[in-house]
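# Breakdown of the fold
Residues per chain, in single letters:
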Amino acid sequence: MKRLPTGINVLDRQLGGGIPAGSIVTLTADPASQSELFLYEITSARGTLYLTTIRSEQAVRDGMEKTKTRVGSPTVRDVGGDAALDQANSLVSTLPEEANLIIDALDPLERSEHSRYRRFLNELQTHMVNTGGIAVLHALKGQMIPENRDLTQNVSDVVFDLRTTITANEVENRLAVPKFRGGAALEEPVKLQLADSVTIDTSRDIA
């Protein structure tokens, strides 16, 4: 099965080269985490359509310009209006072969009526399989998780769960991969540093 690198070298090594082509990936993360670094680095791997539902197009571009991590040249589109699901579906249908799709954040789309959202996910899955690309859905783990989150994770081929813990001494980030169709899920979470880029944290845990 063909794999596509995510653009995050540390993650690709852990996953045996990357993500199977045609996959839908859900990245769950706390709203206050540095999860955007993941999204920005993913744009460096190949052509990317970046759909923003909360921040404006300009805010996303500004964030990419300010970061020190690797960033590609994504096409950024704001789909945060009243017809967000329809706008997203229309843009997804234009994705070329082996392209990235990033939806940041997925939550507004997940709040759509169940059957409409299910149809969107199924059409997205079909399009990604047909084009051999990768879709990354950035889903927030805040206080108001949409009712359709279970549906999102069930349809997804891969689930990345970024866990951020704040202690008196540090902000600790661990990435778990509990689901990985077409490959092996990671046996244990990977401790990461999310500063200027996504790297492995080689410091030892002290019990």
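Let me sum up the structure you'll find in this document. All chains use their own residue numbering, which begins from 1 and follows the written sequence. Two thresholds apply to this predicted model, a pLDDT of at least 70 for residue-level local features and 80 or more for giving and counting side-chain atom pairs, whereas whole-chain, interface and lining totals are computed over all residues. To obtain the side-chain values, all non-hydrogen atoms of the structure were used and water was disregarded.

## As for the overall build of the chain
Counting its secondary structure elements, the chain contains seven helices and eleven strands. With C-alpha atoms as the basis for the radius of gyration, the globule rule is written as 2.2 Å multiplied by the number of residues raised to the power 0.38. The C-alpha atoms of the chain give 16 Å as radius of gyration, which agrees with the globular expectation for 207 residues (17 Å, within 12%). Seen through its C-alpha atoms, the chain measures out along the principal axes to roughly 50 × 35 × 30 Å. Only protein chains enter the area calculation, which uses a 1.4 Å probe; residues under 20% of their type maximum are buried, those over 50% are exposed, and those in between are partly exposed. Counting over 207 residues, the chain shows a buried share of 49%. Any two residues whose heavy atoms approach within 4.5 Å at even a single point are treated as in contact. Here the analysis covers contacts within the chain between residues at least 6 apart in sequence; of these, 67% occur between residues at least 24 apart. Throughout, the Shrake-Rupley method with a 1.4 Å probe supplies accessible areas, and for residues the shown protein chains are the sole cover considered. Of the roughly 10,200 Å² of accessible surface on the chain, 47% is carried by carbon and sulfur atoms. Positive and negative side-chain charges in the chain, numbering 22 and 28 respectively, have mean positions lying 3 Å apart. Runs of H or I in DSSP of at least four residues are treated as helices and runs of E of at least two as strands, each being numbered from the N terminus. Two residue types count as positive, namely Lys and Arg, and two as negative, namely Asp and Glu; His and chain ends fall outside the count. Just so you know, the charge point we use is NZ for Lys, CZ for Arg, CG for Asp and CD for Glu.

## Regarding the pairing of strand S8 (residues 158-166)
Sheet analysis places strand S3 (residues 24-29) next to S8, joined by four bridges and oriented parallel. When the sheet's bridge partners are listed, Thr28 is paired in S8 with Asp161. Strand pairing is assigned whenever DSSP identifies at least 2 bridges connecting the two strands. Taken together, the eight bridges between S8 and strand S9 (residues 171-180) define a ladder with antiparallel strand orientation. Within the sheet, the bridge partner assigned to Arg163 lies in S9 and is Arg174. Adjacent in sequence and paired antiparallel, S8 and S9 are bridged by four residues.

## Concerning the sheet that holds strand S4 (residues 48-52)
With mixed pairing, the nine strands of this open sheet are ordered in space as S5-S4-S6-S7-S3-S8-S9-S10-S11. In the strand order of this sheet, the two ends are held by strand S5 (75-78) and strand S11 (198-200), each with one partner. Across the sheet, the mean angle separating the axes of adjacent strands is 25° when strand polarity is ignored. For helices, the fitted axis covers only the stretch in contact; all axes are lines through C-alpha atoms, and the angles between them, taken along N-to-C directions, range from 0 to 180 degrees. Helix H4 (residues 84-92) rests against S4, S5 and strand S6 (100-104) of the sheet, and its axis sits at about 175° to S4. Of the strands in this sheet, S3, S6 and strand S7 (134-140) are in contact with helix H6 (residues 114-131), which crosses S7 at around 145°.

## Details of the environment of Met1
Its place among the elements puts Met1 in the segment before strand S1 (3-4). Each C-alpha atom, one on Met1 and one on Ala21, is 7.7 Å from the other, the two residues being 20 residues apart in sequence. Setting aside its immediate chain neighbours within four residues, Met1 contacts Pro20 and Gly182.

## Quick word on the nonpolar core
Of all hydrophobic cores here, the largest spans 32 residues; its most connected members are Ile19, Phe38, Tyr50, Phe160 and Val198. Counting only elements with at least two residues in this core, the list comes to helix H1 (9-14), S3, helix H2 (36-42), helix H3 (57-66), S7, S8, S9 and strand S10 (190-194). Among the elements that line this core, the one with the most residues is H2, at five residues. Among all residues touching Tyr50, those that are not within four sequence positions of it are Leu39, Tyr40, Thr43, Arg55, Val60, Met64, Pro74, Thr75, Val76, Arg77, Ile102 and Asp104. Among the buried residues, those of types Ala, Val, Leu, Ile, Met, Phe, Trp, Tyr and Cys that are joined through side-chain atoms within 4.5 Å form a nonpolar core. With 23 residues, the next largest nonpolar core counts Leu49, Val79, Ala99 and Met128 among its residues.

## Focus on H6
Helical geometry note: an α-helix holds 3.6 residues per turn, so side chains three or four residues apart project in the same direction. For H6, with 18 residues, the first-to-last C-alpha span of 26 Å sits near the 26 Å given by 1.5 Å per residue. Here H6 has its buried residues at Tyr117, Phe120, Leu121, Leu124, His127, Met128 and Thr131. When H6 is viewed along its axis, its buried side chains cluster within an angular range of 130° and face the same direction. What points out from H6, more than 90 degrees from its buried face, is the exposed set Val129 and Asn130. Packed against the buried residues of H6 are S3, H4, S6, helix H5 (107-110), S7 and helix H7 (149-155). Take the number of residues in a helix, subtract one, and multiply by 1.5 Å to get its expected span. Directions from the helix axis toward the C-beta atoms define the arc.

## Observations concerning the pattern of salt bridges
Salt bridges, as used here, are contacts in which a Lys or Arg side-chain nitrogen is within 4 Å of a carboxyl oxygen on Asp or Glu. One pass over the full model with this rule turns up 13 salt bridges. The partner of Arg61 in a salt bridge is Glu57, and the shortest N-O contact between them spans 3.4 Å. Here Arg61 pairs with Glu57, and both are found in helix H3, just four residues apart, close to one helical turn. A residue is classified by how much of its surface remains accessible, and Glu57, at 24% relative accessible area, is partly exposed. Ionic pairing is found between Glu172 and Lys191, a salt bridge with its closest N-O pair at 3.8 Å. Placement of the pair is Glu172 in strand S9 and Lys191 in strand S10, with a sequence separation of 19 residues. Taking relative accessible area as the criterion, Glu172 reaches 18% and is therefore assigned buried. Looking at Lys191, the relative accessible area reads 9%, which means it is buried. Through salt bridges with shared partners, a single network forms among Glu170, Glu172, Arg174 and Lys191.

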